[in-house]
Number of protein chains: 4
Amino acid sequence: MEKLSFASDYMEGAHPALLQRLVETNMEKTPGYSADDYCESARQKIRAACQCPGAAVHYLAGGTLTNALMIGAILRSYQGVVAADTGHVSLHEAGAIEHSGHKVLTIPHENGKLTAAALRAYLETFWADGNRAQMVMPGMVYISQPTEYGTLYSLAELTALREICDKYKLPLYVDGARLAYALACGENEVTLPDLARLCDAFYIGGTKCGALLGEAVVMRDPALIPEFYTVMKQYGGLLAKGRLMGLQFDALFTDDLYLHIGKPAIAAADRMRAIFTAAGYPLAIASPTNQVFPVIPNGELERLAAVVDYSFWEKYDKEHTVLRFAASWATRSEDVERLAELLK
Amino acid sequence: MEKLSFASDYMEGAHPALLQRLVETNMEKTPGYSADDYCESARQKIRAACQCPGAAVHYLAGGTLTNALMIGAILRSYQGVVAADTGHVSLHEAGAIEHSGHKVLTIPHENGKLTAAALRAYLETFWADGNRAQMVMPGMVYISQPTEYGTLYSLAELTALREICDKYKLPLYVDGARLAYALACGENEVTLPDLARLCDAFYIGGTKCGALLGEAVVMRDPALIPEFYTVMKQYGGLLAKGRLMGLQFDALFTDDLYLHIGKPAIAAADRMRAIFTAAGYPLAIASPTNQVFPVIPNGELERLAAVVDYSFWEKYDKEHTVLRFAASWATRSEDVERLAELLK
Amino acid sequence: MEKLSFASDYMEGAHPALLQRLVETNMEKTPGYSADDYCESARQKIRAACQCPGAAVHYLAGGTLTNALMIGAILRSYQGVVAADTGHVSLHEAGAIEHSGHKVLTIPHENGKLTAAALRAYLETFWADGNRAQMVMPGMVYISQPTEYGTLYSLAELTALREICDKYKLPLYVDGARLAYALACGENEVTLPDLARLCDAFYIGGTKCGALLGEAVVMRDPALIPEFYTVMKQYGGLLAKGRLMGLQFDALFTDDLYLHIGKPAIAAADRMRAIFTAAGYPLAIASPTNQVFPVIPNGELERLAAVVDYSFWEKYDKEHTVLRFAASWATRSEDVERLAELLK
Amino acid sequence: MEKLSFASDYMEGAHPALLQRLVETNMEKTPGYSADDYCESARQKIRAACQCPGAAVHYLAGGTLTNALMIGAILRSYQGVVAADTGHVSLHEAGAIEHSGHKVLTIPHENGKLTAAALRAYLETFWADGNRAQMVMPGMVYISQPTEYGTLYSLAELTALREICDKYKLPLYVDGARLAYALACGENEVTLPDLARLCDAFYIGGTKCGALLGEAVVMRDPALIPEFYTVMKQYGGLLAKGRLMGLQFDALFTDDLYLHIGKPAIAAADRMRAIFTAAGYPLAIASPTNQVFPVIPNGELERLAAVVDYSFWEKYDKEHTVLRFAASWATRSEDVERLAELLK
């Protein structure tokens, strides 16, 4: 029997519905660089799903590239991006943001989230600082939904961030690498139209949500980033066969697939949370989405690793480690039950 | 009947053999970031095809990204890359090289090629210039095979460039976006082992040569770019589902497919060259590979555009325009014959 | 007797009037970062001399820094700066422009100048190019007065460039490293008010025109570059003791000193031009300002170097070399006459 | 009577001995770009003072420029610089480090210092992190002596940092913007030869220590940064009249002036510390050098500001503020006594 693996949510290929579209259109001839009809069809469906008919929609091949490009293109040279200290752009993008010349201005997180209170305090302190002209000016705000910790912003929390952004004239950008797992979660309050209404830009994650690759950037006001096509080229983000992404997003936004595709992952993660708790392993982070963070005694790590693939998350204390188990759209319930057996 | 199109060599999806691999492995679980067995298998096959067992092989999603990363990572901050003024990095990458801080030092081309004589003259002039310390130091050489004009470096030409690079201690890097069309061309003398032997780094183009996407960088000496994985992440070039590229390159390097995949394109392009010439349209560039550059009177452009998609190449003179007709691995001979009919 | 030297126009310290101001104010306490009264006084005098009361005036320590900052701050990330291929930013700033992420888009010069015709042709070609979205968009125009070749734009030429810039909405920026030598030249038609009226930004060179160091940027509309102070800090261009530059510009703009300080240099250069011509050495460039470019047979270079310091300019042909002899505000007529003796 | 001012240590011009050298050499002709004999003489004296005959010595115009250049030139593209979170590069350089593409990796300070324990813990954590390849690799260590808080590294502390740097092969770079105030301080243990021995590079601050402008970079091994001259040009840091800095450093290193020039500042700061303490104002930071950080009730700030210029440092708590009073080589003891009178 295959070894169990909950190492990540990008272990399989594409959702069958997406793959089928690639297969059945494979030999068609279309223009390059996302100028084809499939990309356009997906744009229309995404605009409809977001209730934002005037939005610009662009496809990029990965999350780090998308974040670097959006941040680099929105900011002026003297500005930085505000993010929680746990944000993906703060820690795990190998300096991609700095590579395009900008500082990540970090704020201590709360449960993986940037709180309105912390953001307000940061901005008030900055604008009251007599030396601020020698500091990096906050020029936009980055959050992710779900967060790096798998937690969710409530509608009230997102609205509160929006109000502060309005007050300080800061574009608000949301990294939605795992957005499908937010949308499929029972606790989630923030819909696609909410995101389109409350954020200046966000991206709908494809790579971790059923696609082979691809993220769809949505900008309420296309003027936020002029010459987007050229910017994509400059960042090395313009795929020749852009339809590869258009076709997949077209499938993801047919029959609301994107709203449902994460449901098996949430069910699997909920079950895993119950399994770990029942087996006496507390959860380090109260995450309601597709990632599970059990605290495991160090002495048991090796035994566990022999039977199931997981990810290291962080040290909990000298004797315990936080692991990450990820479920995805492709997780099979029988594998979750095998995990339950193993932990008994 | 479908309108004829020779607009580019990236209009279709993947070669069926590649698509099949994606389909049959779709639901397998593998580690991310090109750490999977398929990527490793393709690496071994590429090393074997290049007769270079110690080479590093990395997969990246597109040509511009690959060029920007390779040039940015090889050069020191005070160095620039030497290229023909027609080079892709000089003109058509929207400033991607400058975005990573480096100047493209252009030299007039000959038939799309950087000649050894021109390179030597440039380097001699630079090193003899008393003001050179206030100038950008040449730090590496960029060429492409085939060139932007579809022409080919002979083995003697490539060897001559190598000798100059050796003398000036300059890494030589080859952009192989359309490499399969060189390898399939009767006139070609430069093999994969030649490239691995004579260049410090080159990339084997996938996107334009049968893959959905993907370019495979080959570096004779892996130490040329330390921490390649981190550099890929920093440039936004690390795909989560890297196996997507590994599987396709594994198929491309099974049964020498990559050496043959371009043959239909060469046959089609040869036939198109004959067709245009016979129809009284001279060729602006003597290109032996998969691109054809007829000179068309401006008055006929509209009529032609109504029946066949092509690319604008450049103005020839006030009354004529150079067009580009591209063939690919997927070009059907019946379409070429339909073109012959149309031009009669 | 001291060896003759016409190696450059920055061999001496400061004009005595400037040095005196530094000496007499040396122990005064003033605020840092150009927030002092001397800097402000100089700003007012510069605005008056430019007949541009609303201009922003900022001080920077050197020409390359000024060019890199102005270009980097004016351009959007996807834009480049258009310049003559002989421009200082094109050739002799060691990649400072590319270091801030931008391409220099070069156009063949005419006598060191960017002509309106060449600029128009370049822009028309760019905007007509179907592939322009994959190219670097021209975002501003750089010229210098006098040019790198010591030549001058006439008022008509500058006006013609302005009209093209207006048509294409391109900021026009003038590098005035040697501006005093233009203003002191009999042939010159372009006044400081003309520059302020016809350019979006320009800098008044101090370093080569009588100051120890310092360039004064003038921007008709301060909104051209928001947060200029922070941008200066970010580029490492904010001097703690900014008054050092303010005091010197205050002296340079007292009693029209800046308009006259170059006159001895023009007289000396005119005399040198006559001397070389009379001695049978043709001039490679018809420059009316403070630099002289005689063509010298290679066989005489060594003998000449033994008695006078000069700069190498470029090869003329296999047997001749172009040298540069520079005069400055500090050049003594007796030294010029000694040169005449030596060449007899 | 002039209003008292302790706003900064860069309020006056140059120390008279330095100014005199500028005056007496003003009309001499010398080569540009620090290739003159005065710059060379100062280099020899600095090498001697550092007991490091093989060191490279370069002059740059300001601290931020020096830090940005040194960090940008030492690091590889995928590396960041480790610094205390209070470091000047972390907070008050407007993103100059990020502008050259690098992240500042901050570690919580202790009394303004980066401790060996904190550095070791950081590096151990980094190298133990399974995700480190997606993070910015620490590539060098930045500290300042004295620190941003005016505190001093002891010889043992500096040696301990060196040992960790050796273990992890990290260049250690010291920002000496106020180095003269360390060297003049009774508590100081770290000499110039110690710095040259224990650091890979450091700079000897001129601007805040008696010069009009100028910082002298000292690199034990010149190969640490190849093509330094070109790098200076690229960063806009190459002054045409480089002798301006050479002459001043030559004076600063004549008769050990640099070792003594800070003594009046230390005496004045010591007296101010006693004055504030005696007047009932505690000191927020135990700094032994030329900066004094009294805690002042908010209600008294306005009255105080009316009679003496100071700098805002930071909020202490809701009712108190930390101010900074800076002494310099030019501070007069009668001004300090006037302050004592005002605070009675």
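Residues numbered from 1 in each chain as written. Chains lettered and ligands numbered in written order. Predicted model: local features only at pLDDT ≥ 70, side-chain atom pairs only at ≥ 80, totals over all residues. Heavy atoms only, no water.

Q: Would you mind going over the packing of aromatic side chains with me for this structure?
A: For any two aromatic rings, the description comes down to two numbers: the centre-to-centre distance and the angle of the planes. Using the criterion set out here, one finds 48 aromatic pairs over all chains in the structure. When the centroid spacing of 6.3 Å and the interplanar angle of 80° are considered together, the rings of Y33(A) and Y229(A) count as edge-to-face. One end of the pair, Y33(A), is in the loop between α1 (16-24) and α2 (37-49); the other, Y229(A), is in helix α10 (residues 228-234), with 196 residues separating them in the sequence. Using a relative accessible area of 15% as the deciding quantity, one classes Y33(A) as buried. Of the residues examined, Y229(A) reaches a relative accessible area of 27% and is grouped as partly exposed. Pairwise contacts between aromatic rings join F6(A), F276(A), Y281(A), Y310(A) and F325(A) into one cluster. Just above the ring of Y153(D) sits the side chain of K113(D); from NZ or CZ to the centre is 5.9 Å. (Phe/Tyr/Trp six-rings, centres within 6.5 Å; stacked < 30°, edge-to-face > 60°. Helix = DSSP H or I, 4+ residues; strand = E, 2+ residues; numbered from the N terminus. Buried < 20%, exposed > 50% of the residue type's maximum accessible area, 1.4 Å probe, protein only. Lys NZ or Arg CZ within 6 Å of the ring centre and 35° of its normal.)

Q: Whenever I open this one, the domain arrangement of chain A confuses me. Can you help?
A: Interfaces are often described in size by the accessible area the parts lose on coming together. Residues and elements named next belong to chain A. Assigned domains of chain A: these are domain 1 (4-11 + 261-343) and domain 2 (16-260). Between domain 1 and domain 2, the C-alpha centre-to-centre distance is 27 Å. The partner domain 2 presents 24 residues to the 21 residues of domain 1 that form the contact. Taking both partners together, domain 1 and domain 2 bury about 1800 Å²; carbon and sulfur atoms supply 61% of that area. (Domains from an automatic or database assignment. Contact = heavy atoms within 4.5 Å. Buried area = accessible area lost by both parts, 1.4 Å probe.)

Q: Teacher, can you tell me more about the nonpolar core here?
A: The nonpolar side chains of soluble globular proteins are, as a tendency, buried together. With 184 residues, the main nonpolar core has I204(A), F325(A), I204(B) and F325(B) as its most contacted residues. Filtering out sequence-adjacent residues up to four positions away, F325(B) remains in contact with F6(B), M272(B), F276(B), N290(B), Q291(B), V292(B), P294(B), L304(B), V308(B), Y310(B) and L339(B). With 182 residues, the next largest nonpolar core counts L4(D), A14(D), V190(D) and M272(D) among its residues. (Core = buried A, V, L, I, M, F, W, Y, C linked by side-chain atoms within 4.5 Å.)

Q: I keep staring at the pairing of strand β2 (residues 56-60) of chain B and nothing clicks. Help me out?
A: Remark: a regular strand shows side chains that alternate across the two faces of the sheet. Residue and element names in this part refer to chain B. Taken across its five residues, β2 has five buried, putting it largely inside the fold. The alternating pattern of β2 places A56, H58 and L60 and V57 and Y59 on opposite faces, both of which are buried. The sheet contact formed by β2 and strand β8 (residues 215-219) spans five bridges and is antiparallel. Opposite V57, over in β8, you have V218 as the bridge partner. (Pairing = 2+ DSSP bridges.)

Q: When you look at the side chain of R178(B) in this model, what are you seeing that I'm missing?
A: Structurally, the position occupied by R178(B) is in the loop between β6 (172-175) and α8 (179-183). Taking relative accessible area as the criterion, R178(B) reaches 10% and is therefore assigned buried.

Q: Sorry, what's going on with the sheet that holds strand β8 (residues 215-219) of chain D here?
A: Strands in a sheet are paired, the pairing made by backbone hydrogen bonds, and the direction either parallel or antiparallel. Residues and elements named next belong to chain D. A sheet is described by the order of its strands in space; here seven strands give the open sequence β2-β8-β7-β6-β5-β3-β4, paired in mixed fashion. Strand pairing shows two members of the sheet lacking a second neighbour, β2 (56-60) and β4 (104-107), which therefore form its edges. Here the average twist between neighbouring strands, direction ignored, is 25°. Two strands pair when backbone bridges link them, and strand β6 (residues 172-176) and strand β7 (residues 201-205) are joined in this way by four bridges, in the parallel orientation. Of the residues in β7, the one forming a bridge with V174 is F202. (Axes fitted to C-alpha atoms, helices over the stretch in contact; angles between N-to-C directions.)

Q: I keep staring at the environment of R273(A) and nothing clicks. Help me out?
A: Residue and element names in this part refer to chain A. By the secondary structure assignment, R273 is in helix α13 (residues 263-278). Note: C-alpha distance between R273 and N290 (17 residues apart in sequence) is 10 Å. A distance of 3.2 Å separates a polar atom in the side chain of R273 from the backbone oxygen of Q291. (Polar contact = N/O pair within 3.5 Å; in protein donor to acceptor, adjacent residues only side chain to side chain.)

Q: Honestly, the relation of the copies chain B and chain A in this entry has me stumped. Any pointers?
A: Mapping between the two chain copies consists of a rotation about an axis together with a translation along that axis. When chain B is fitted onto chain A, the two copies agree to an RMSD of 0.0 Å after a turn of 180° and an axial shift of 0.0 Å. What we have between these two chains is a two-fold relation. Both copies present the same face, since 100% of the interface residues in chain B are matched by interface residues at the equivalent positions in chain A. (Least-squares fit on C-alpha atoms with pLDDT ≥ 70 in both.)

Q: Explanation requested: unusual backbone geometry in the structure shown.
A: One can expect most non-glycine residues to show negative phi and most peptide bonds to be in trans. Here the residue pair Q145(A) and P146(A) is connected by a cis peptide bond, since its omega of -10° sits within 30 degrees of zero. Looking at the element boundaries, P146(A) is found in the loop between β5 (137-144) and α7 (155-168). Despite not being glycine, N111(B) shows a phi value in the positive range, around 60°. Using a relative accessible area of 41% as the deciding quantity, one classes N111(B) as partly exposed. One non-glycine residue, K169(B), lies in positive phi territory at about 55°. The topology assignment puts K169(B) in the loop between α7 (155-168) and β6.

Q: Just to check I follow, could you spell out the packing of α1(A) against helix α11 (residues 243-252) of chain A for this structure?
A: Packed helices, taken two at a time, are described by the angle their axes make and the gap between the axes. Residues and elements named next belong to chain A. Two elements in contact, α1 and α11, have axes whose closest approach is 9 Å; the angle formed by their N-to-C orientations is 135°. Put simply, α1 runs oblique to α11. Crossing handedness for the pair α1 and α11: right-handed. In this structure, α1 uses A17, L18, R21 and L22 to contact α11, whose residues at the interface are L244, L247, Q248, D250, A251 and L252. Each residue belonging to the contact of α1 with α11 can be placed in one class, and the counts come to seven nonpolar, one polar and two charged. (Parallel < 35°, antiparallel > 145°, perpendicular 65-115°, else oblique. Left-handed = near helix turned anticlockwise from the far one by under 90°. Nonpolar A, V, L, I, M, F, W, Y, C, P; charged D, E, K, R; others polar.)

Q: Looking at this structure, I do not really get empty space enclosed by the protein. What am I missing?
A: Rolling a probe over the atoms, with the probe sized like a water molecule, indicates the empty space that remains. All names here are of chain C. For the coordinates displayed, the defined rule picks out 16 cavities of 30 Å³ or more. Empty space within the largest cavity amounts to approximately 350 Å³. As for the largest cavity, its lining consists of 28 residues, of which G63, H88, A177, Y203 and K208 are closest to the centre. At the level of elements, α3 (63-74) and β6 (172-176) are the ones that each hand at least two residues to the lining of the largest cavity. By residue number, the principal contributor to the lining of the largest cavity is α3, which donates four residues. Its residues assigned to classes, the lining of the largest cavity comprises nine nonpolar, twelve polar and seven charged. (1 Å grid on protein atoms, 1.4 Å probe; cavity = no way out; pocket = protein on both sides within 12 Å on 5 of 7 lines; lining within 4 Å. Points joined across faces, edges and corners; volume = space filled by probe spheres on them.)

Q: What is the right way to look at the interface of chain B and chain A in this model?
A: If you look at the interface, chain B gives 45 residues, while chain A gives 45 residues. Buried area between chain B and chain A, both sides added, is near 4100 Å², and the carbon and sulfur share of it is 60%. On the chain B side of the contact with chain A, K29(B), H99(B) and K241(B) bury the most area, a combined 20% of that side's loss. Joining chain B to chain A, the criterion identifies two salt bridges. In this structure, the salt-bridge partner of E12(A) is K29(B), at a minimum N-O distance of 2.9 Å. At the level of secondary structure, the elements contributing two or more residues to the side of chain B that touches chain A comprise α1 (16-24), α3 (63-74), α5 (96-99), α10 (228-234) and α11 (243-252) of chain B. With three residues, the top contributor of residues to the side of chain B that touches chain A is α10(B). Class assignment of the residues belonging to the side of chain B that touches chain A gives a composition of 20 nonpolar, 15 polar and ten charged. (Salt bridge = Lys/Arg side-chain N within 4 Å of Asp/Glu carboxyl O.)

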